[in-house]
Amino acid sequence: MSNIEAIRNTISKELQWLNSLMHDVLVSDNAFLNNIIDENLKKTGKQIRPILVILGAEVTAEANETVISAAAAIELLHNASLIHDDVLDESAKRRGVPTINFLWDNQVAVLVGDYFVSRALRCATDTGKIEIVRTMSKLGTDLSIGEIDQIDHARKRTIREESYFEIIKLKTASLFRSCMEVGCYAVEADKHTTEVLSKYAELLGLCFQIRDDIFDYYDNTTALGKPTGNDLREGKVTLPLIHALESDKTAERNEMITLLDKDYLETEDIQKLVDYAKRHDGIEYAYGKMTEIRRQASELVSMIPDCKAIRSLEAIFDYTIERNF
């Protein structure tokens, strides 16, 4: 089972419960806000993060109200971060759908994002478990620091694989890890299970970001709603190009560094950098890293007795590496 829809079908009742709860939590007395929320909830996506919360819990016990509240807290905070990201990136579309900041404006989008954060906190406190509230607090901190670190490294032109992994551990993997932590806390899983699953989810998050970064080296405007080299336009140097620059000992490397030092990259500059990364096996290297991380994750999860939820979690890992968008 590698199809994410097949995994969703195994927990369809829980996901319906989740979406119903999020709607109830988000509804307000403000008609304008409700209109924006209704439009936002129409594009729920694959909901991988709340799925991880639910599956993480079901390794130990059946999903209950606490699990669903924890999953809603995670998904709402994640959505808030996406809304704010769209403002920062001045994005007109996400996954081919117009963004809140495009349909209305940045002021409205920031306020809606803040509203989502407040409702996420409401769901977290509704669990009655301080461990979940604490995890959500740390997650918000990690996501913010990860984004700030990325901006700082872009401005300083820091190009190192070590720095890259430090950033994606905070800005992406921390969210995946938190999914598993709150799922385990919600059903009071034992410490061993919680630690193993949380580390597994962190590795999954690293692979998720690496796969996302590989997309940037191909024409994915239709699938992802952004053109080739969009990360480079924003000053983000990701793993394929980092590897090319670290492994290349020719004079061409200096040419690429000179391009990256420019304040603004032209389309032809971006294409040169993309082609350079491909010619120096940057894509293959990134896939190799994912394979190595997947092996580490398999070793980890083998420490927990096999069950339906574990098999679904492994299938999600495979899907993450194989996905086309």
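Located above this text is the structure these notes cover.
Residues numbered from 1 in each chain as written. Predicted model: local features only at pLDDT ≥ 70, side-chain atom pairs only at ≥ 80, totals over all residues. Heavy atoms only, no water.

Focus on the overall build of the protein chain
And then number 1: Broken down by element type, the protein chain carries 17 helices and two strands.
And then number 2: In terms of overall size, the protein chain behaves like a compact globule, its C-alpha atoms giving a radius of gyration of 20 Å where 325 residues would be expected to give roughly 20 Å.
And then number 3: Overall size of the protein chain, expressed as C-alpha extent along the three principal axes, is 60 × 50 × 30 Å.
And then number 4: Relative to its 325 residues, the protein chain shows a buried fraction of 52%.
And then number 5: Of the contacts formed within the protein chain by residues at least 6 apart in sequence, a portion of 76% connects residues at least 24 apart.
And then number 6: Carbon and sulfur atoms form 50% of the exposed surface of the protein chain, whose accessible area is close to 15,200 Å². (Helix = DSSP H or I, 4+ residues; strand = E, 2+ residues; numbered from the N terminus. Rg over C-alpha atoms; globule rule 2.2 N^0.38 Å. Buried < 20%, exposed > 50% of the residue type's maximum accessible area, 1.4 Å probe, protein only. Contact = heavy atoms within 4.5 Å. Areas by Shrake-Rupley, 256 points an atom, 1.4 Å probe, with all protein chains shown as cover.)

Thoughts on the packing of helix α4 (residues 48–58) against helix α5 (residues 65–89)
And then number 1: Interhelical geometry of α4 versus α5 gives an angle of 155° and a closest axis separation of 8 Å. The angle between the axes of α4 and α5 places the two elements in the roughly antiparallel class. Relative to α5, α4 is oriented so that their crossing is right-handed. Packed against α4, whose contacting residues are Arg49, Pro50, Val53, Ile54 and Ala57, the element α5 presents Val67, Ile68, Ala70, Ala71, Ile74, Glu75 and His78 at the interface. (Axes fitted to C-alpha atoms, helices over the stretch in contact; angles between N-to-C directions. Parallel < 35°, antiparallel > 145°, perpendicular 65-115°, else oblique. Left-handed = near helix turned anticlockwise from the far one by under 90°.)

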